[in-house]
Amino acid sequence: MPDLLLELFSEEIPARMQAKAAEDLRRMVTDRLVAEGLVYEGAKAFATPRRLTLTVHGIPARQSDLKQERKGPRVGGAEAAIQGFLKATGLNSLDEAKIQRDPKGDFYIALTEKPGKPTVDVLAEILPIIIRTFPWPKQMRWGAASAKSSALTWVRPLHSIVATFGIETEEPEVVQFDLSGVSVGQTTYGHRFLAPDAIQVRRFDDYVAKLQSAKVVLDPERRKEIILADARQLTFAQGYELVEDPALLDEVAGLVEWPVVLMGSFDKDFLSIPDEVIRATIRANQKCFVVRDPKTQKLTNKFVITANIEASDGGTAIIAGNERVIRARLSDAKFFYETDLKTKLESRLPKFEQIVFHEKLGTQAARIARIEKLAAEIAPLVGADATKTKRAAQLAKTDLLTEVVGEFPELQGLMGKYYALAQGEDAAVAAASEDHYKPQGPTDRVPSDLVSVAVALADKLDTLVGFWAIDEKPTGSKDPFALRRAALGVIRLIIENNLRLKLKSVALSHASTMTGYDESKPADLLAFFADRLKGQLRDQGARHDLVDAVFALGGQDDLLMVVRRVEALGKFLDSDDGKNLLAGTKRANNILAIEEKKEKRKFDGAPDAALFKLDEEKALARAIAEVGLEASAAVAKEDFAGAMTAMAKLRPAVDAFFDRVKVNDDDAAVRENRLKLLNEIRAATRAVADFSKIQD
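Residues numbered from 1 in each chain as written. Predicted model: local features only at pLDDT ≥ 70, side-chain atom pairs only at ≥ 80, totals over all residues. Heavy atoms only, no water.

(A) Broad picture of the overall build of the chain. Along the chain, the regular secondary structure elements total 24 helices and 19 strands. Against the 2.2 N^0.38 benchmark of 26 Å for 696 residues, the chain shows a C-alpha radius of gyration of 36 Å, more extended than a compact globule. Each of the three principal axes of the chain carries a C-alpha extent, and together these read 100 × 100 × 50 Å. Counted over contacts in the chain with a minimum sequence separation of 6, partners at least 24 positions apart contribute 68%. For the chain, the accessible area works out to roughly 33300 Å², and carbon and sulfur atoms hold 50% of it. The distance from the centre of the 99 positive side-chain charges to the centre of the 104 negative ones in the chain is 2 Å. (Helix = DSSP H or I, 4+ residues; strand = E, 2+ residues; numbered from the N terminus. Rg over C-alpha atoms; globule rule 2.2 N^0.38 Å. Contact = heavy atoms within 4.5 Å. Areas by Shrake-Rupley, 256 points an atom, 1.4 Å probe, with all protein chains shown as cover. Lys, Arg positive; Asp, Glu negative; His and termini not counted. Charge placed at Lys NZ, Arg CZ, Asp CG, Glu CD.)

(B) Region of interest: the nonpolar core. Formed by 139 residues in total, the largest nonpolar core has its most connected members in L457, L464, F529, L569, L650 and L678. For this core, the element with the highest residue contribution is helix α14 (residues 450–469), accounting for 13 residues. With residues near it in sequence (within four places) discarded, L650 still touches L581, L620, A623, I624, V627, A684 and T685. (Core = buried A, V, L, I, M, F, W, Y, C linked by side-chain atoms within 4.5 Å. Buried < 20%, exposed > 50% of the residue type's maximum accessible area, 1.4 Å probe, protein only.)

(C) The arrangement of helix α7 (residues 275–286) in detail. Between its first and last C-alpha, α7 extends 16 Å over twelve residues, near the 16 Å set by a 1.5 Å rise per residue. Regarding α7, the residues found buried are D275, V277, I278, A280, T281 and I282. For α7, the secondary structure elements touched by its buried residues are β16 (289–292), β17 (299–307), α8 (316–341), α11 (403–407) and α12 (414–422). The positive-phi residue at the C-terminal boundary of α7 is K287, with phi of around 55°. (Expected span 1.5 Å × (residues − 1).)

(D) View of the packing of aromatic side chains. In the structure shown here, the tally under the stated rule is twelve aromatic pairs. When the centroid spacing of 5.5 Å and the interplanar angle of 20° are considered together, the rings of F46 and F204 count as stacked. Taken together, the positions of F46 in strand β2 (residues 42–48) and F204 in helix α4 (residues 204–213) put the pair 158 residues apart, joining distant regions of the chain. Per residue, the accessibility class of F46 equals that of F204, and both read buried. Geometrically, the ring pair formed by F134 and W136 is tilted, given 5.0 Å between the ring centres and 50° between the ring planes. The pair formed by F134 and W136 is uniform in burial state, with each residue classed as buried. Among the aromatic residues, those joined into a ring-pair cluster are F46, F204 and Y207. Note that K417 overlies the ring of Y418, its terminal NZ or CZ placed 5.6 Å from the centroid. (Phe/Tyr/Trp six-rings, centres within 6.5 Å; stacked < 30°, edge-to-face > 60°. Lys NZ or Arg CZ within 6 Å of the ring centre and 35° of its normal.)

(E) Region of interest: the packing of α14 against helix α16 (residues 503–511). Where α14 contacts α16, the two axes come as close as 10 Å, and the packing angle between them is 70°. Overall, the two elements α14 and α16 adopt an arrangement that is roughly perpendicular. Of the two possible hands of crossing, α14 and α16 adopt the one that is right-handed. Residue-level inspection shows L461, D462 and V465 of α14 in contact with α16, the latter providing L503, V506, A507, H510 and A511. Among the residues making up the contact of α14 with α16, the classes are represented as six nonpolar, one polar and one charged. (Axes fitted to C-alpha atoms, helices over the stretch in contact; angles between N-to-C directions. Parallel < 35°, antiparallel > 145°, perpendicular 65-115°, else oblique. Left-handed = near helix turned anticlockwise from the far one by under 90°. Nonpolar A, V, L, I, M, F, W, Y, C, P; charged D, E, K, R; others polar.)

(F) Up close: the pattern of salt bridges. Enumeration over the complete set of coordinates arrives at 62 salt bridges. Here K287 makes a salt bridge to E251, at a shortest N to O gap of 3.2 Å. Here E251 lies in helix α6 (residues 246–253) and K287 lies in the loop between α7 and β16, a separation of 36 residues in the sequence. The exposure class assigned to E251 is partly exposed, which follows from its relative accessible area of 27%. (Salt bridge = Lys/Arg side-chain N within 4 Å of Asp/Glu carboxyl O.)

(G) The arrangement of the side chain of T685 in detail. Of note, T685 is situated in helix α24 (residues 668–685). Excluding anything up to four places from it in sequence, T685 contacts T585, M647, L650 and F691.

(H) Seen up close, the pairing of strand β9 (residues 158–166). Taking burial as the measure, the nine residues of β9 include eight buried ones, the bulk of the element. When strand β1 (residues 3–10) meets β9, the two strands line up antiparallel, connected through eight bridges. The residue bridging L8 from the neighbouring strand is I161, located in β9. Strand direction decides the pairing type here: β9 and strand β11 (residues 183–185), joined by three bridges, are parallel. (Pairing = 2+ DSSP bridges.)

(I) Inspection of the sheet that holds strand β4 (residues 66–74) at higher detail. Taking strand neighbours across the sheet as the criterion, the three strands line up as β4-β6-β5 in an open arrangement whose pairing is antiparallel. Of all the strands in the sheet, just β4 and β5 (98–100) have a single pairing partner and so form its edges. Strand after strand, the sheet turns through a mean of 35° between neighbouring axes, direction not considered. Pairing analysis gives seven bridges linking β4 to strand β6 (residues 107–114), with the strands arranged antiparallel. Following the sheet pairing, Q68 is matched in β6 by T112. Against the sheet, helix α2 (residues 79–89) engages β4 and β6, with an angle of about 170° to β4.

Here's what the structure looks like:
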């Protein structure tokens, strides 16, 4: 079957837009093909700085004929309705219609057949629409509008379009359409400098081969492979090691069509700057990779450039130009760093009085004071040194006012650590400057130093409690203050460090420092943590309904204990005893729910042993009494596995009760007594979880 080759050749497309643009082009074209009844075999899109390319193979040569059946008016219906039916269907008279028999009355039916179009004609209709409506984040308009079409908008001026369609063994057909004077045909162009002449192409394989000969590597993945392999080889040959950077690799692969890897250097004096500052400077300003010594893991005074040209001088001028710019930028960075070192971190604190954190939550200074107070309260709860924690919380945000962080915001926290160490602060205090922001995502490192943990918890809890206080909670997909991330950070800090922390009491204590807070808000915040914990455990393979079953007991704000209880409950329910006890408990819950709704009252209170008629009732009552005490004692010792083992002893008695005992006895007193016994089952199992929340 025929294939489509489409290339949109333009001025340079920003690297950050290329991957999405290629995917958008593939999606838009293939969606329209399917909508037109043209099901294809496969499609792939590519991007370089100067072109978006799409190949779609296995497209039918033409649309299938479309047969339609349209129901008309009743036989003998109004003349106006009949005439409207004939006009809408294109029939000349009712003789061309069929009659459909129906018990409610016979109807006219029009059977029409719409012949399919050649696919090349369909493409000629849909491609200009797709190009004109392409969803670039930013576009520019150029050219003059004509009587037939408006001026074209595109990310950069669009110069030419290749659009061919045909089978492999024949000369393809050009898809003919008009697009504001942009030529459409079989002509593309090679590398801007190395092979700028026009190239005639026929289909995708031919196109790729000719571009390669014209110094254009079409596939961005292949360009990345070339850059990475050449950079590794170049650095290894000189005894160094490339500092790999996947995000930078993606970007530089979008800046070149013919990657050429070169190495430059800078003055060793700049190595007195922290490695991260050197890397950020070189990365941000020149899109270059840095190089380290594999023996020391410290940066060397080398960097790797990805050029877009095979220069006649071997790249000497390109290297010199990059070295000149990098020298200037590193001079600035060195000046910023040395200037920052002259000012003590605590001397920067007064400036936070003039910086608003949030209009309803006050200044950054007020926020720092809250974090300092909360961190001091949390420190003894997690085993951190209170004095160091308070000092760390006081200094943690101060590097936000430094020159280096002003230039490179991504280095916040890290620079605070360097400056704190330089001014003689304790190592734990310095580490907290960097680590209190962590973890910032599901794969980010979780701090383990207890001073860092205390400050990180205080920072995130202040954010959560504060925004809950002013009713700025996440809604739907909107979370402008990253509160979901903050909550997940708190959860990971607690769970991965095995910390015991009563979140509700901590939140209530901290909330007392804020206006507009009441006790319902910490409860709502705890529910938010429960939802985040469910998601976290679900990602780890746990069942979210077990988290609901534990939280349903109320007062469950010790997340570490919630997790341990969920783990024990999950293991118990995987056993035969657990499954059968769950089934029995749910049966008891269902019976109670029906009767409680019917009589509008609870069947609580101890059952009367004198009303037990059957041995199975007596055995169940004894088992509940024994298990209740044993399970409660185990839970009190936080031995959740032991509590589950105790619960398992209920299973035989529950099974026997439901096998031989009729709950709704004719004697009203016996019936009520047996319902109270079922309530005892529910109460006993609530020592470990609310079994009604557990899914079968």
